[in-house]
Amino acid sequence: MPDQQLGNTILGPEKHIQNMTREDLTGFISNNYTADRMCLVGAGGISHEELVKLAEKNFASLPTSKNPIPLGGQSRSAPVFTGAEVRIRDDTMNSLHIALAVEAVGWRSPDYWPMLVMSAIFGNWDRGLGASPLLSSKLSHIVSSNNLANSYQHFFTNYSDTGLWGVNLITEK
């Protein structure tokens, strides 16, 4: 999706990467790799106390940024949803893959929970499931009975200030 942050590659345009200097990288690290912009998570066979000791030993000397981001705060202006369309045609494939999405609410919105419930109601369906025609979802029954698709997966992806709500589906050409 052009002209918006979520549509950019994580690496950036090739011309920018080729022009980066050591000073650019060290400046970026010193501005962004600060204690207030990190999160430490432990999983597995480590106790909380041991994790805290390791964090203090390895990260206590990290600086705090000049403009700390408050917990749950935004570092940039709110994103602007930009619709886009991408078509990739490959006639050697015997199936059609489609993804449709619209702008949705972020997890801070009061409509987040109703959208989450709606996402669960739409759910997912796959023809390969043994009992797929007997599933309780009205949508899955319609898709199965009318042979509309091989499968579909509904999604609801959220960020603090925006989201995407849509469906991926696979069908025969």
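Here the structure is shown first, and the text comes after it.
Here, residues in each chain are numbered from 1, in the same order as that chain's written sequence. Under the rules for a predicted model, residues below a pLDDT of 70 receive no local features and side-chain atom pairs below 80 are neither given nor counted, while totals for whole chains, interfaces and linings still include all residues. With hydrogens and water stripped out, all remaining heavy atoms of the structure feed into the side-chain values.

Caption draft 1: Quick look at the overall build of the protein chain. Scanning the protein chain from N- to C-terminus turns up five helices and four strands. Burial classification: accessible surface area is computed with a 1.4 Å probe over protein chains only, and a residue below 20% of its type maximum counts as buried, one above 50% as exposed, and the rest as partly exposed. Residues classed as buried in the protein chain amount to 17% of the 173 residues present. Here the analysis covers contacts within the protein chain between residues at least 6 apart in sequence; of these, 63% occur between residues at least 24 apart. In the form shown here, the protein chain has an accessible surface area of approximately 13600 Å², with 58% of it arising from carbon and sulfur atoms. Helix numbering and strand numbering both begin at the N terminus, where a helix is a DSSP run of H or I of at least 4 residues and a strand a DSSP run of E of at least 2. Contacts between residues were defined by any pair of non-hydrogen atoms, one from each residue, lying within 4.5 Å. Note on areas: these come from Shrake-Rupley sampling with a 1.4 Å probe, and a residue is covered only by the protein chains present in the view.

Caption draft 2: Fine view of the packing of aromatic side chains. Pairing of aromatic rings covers Phe, Tyr and Trp, the last through its six-membered ring, and needs centres within 6.5 Å; plane angles under 30 degrees mean stacked, over 60 mean edge-to-face, and all others mean tilted. All told, the structure shown has five aromatic pairs when counted by the stated rule. Plain terms: the ring middles of Phe28 and Tyr33 are 6.4 Å apart, the flat faces sit at 65° to each other, and that makes the pair edge-to-face. With centroids separated by 5.5 Å and ring planes inclined at 85°, the aromatic side chains of Phe122 and Trp165 adopt a geometry described as edge-to-face. Of this pair, Phe122 sits in helix H4 (residues 112-122) while Trp165 sits in strand S4 (residues 163-172), and the two are 43 residues apart along the sequence. Among the aromatic residues, those joined into a ring-pair cluster are Tyr112, Trp113 and Phe156. The residue whose ring lies beneath Arg108 is Trp107, and the NZ or CZ to ring-centre distance is 5.6 Å. In our convention, an over-ring charge means Lys NZ or Arg CZ found within 6 Å of a ring centre and within 35 degrees of that ring's normal.

Caption draft 3: Main features of the sheet that holds strand S1 (residues 95-104). Pairing in this open sheet of four strands is antiparallel, and the strands run S1-S4-S3-S2 from one edge to the other. If you trace the sheet from one side to the other, it starts and ends with S1 and strand S2 (124-126), each paired once. The average angle at which neighbouring strand axes cross in this sheet is 15°, direction not considered. Between any two strands, pairing holds if DSSP finds at least two bridges. An axis is simply a line fitted to the C-alpha atoms; with a helix, the fit covers only the stretch in contact. Between two such axes, the angle follows the N-to-C directions and lies from 0 to 180 degrees.

Caption draft 4: Focus on the nonpolar core. In terms of nonpolar packing, the biggest core is built from five residues, these being Ala104, Tyr112, Met115, Phe156 and Trp165. Leaving out residues up to four positions away in the same chain, Tyr112 has contacts with Val105, Gly106, Trp107, Phe156 and Asn158. Working definition of a nonpolar core: buried Ala, Val, Leu, Ile, Met, Phe, Trp, Tyr and Cys residues. They are joined through side-chain atoms within 4.5 Å.

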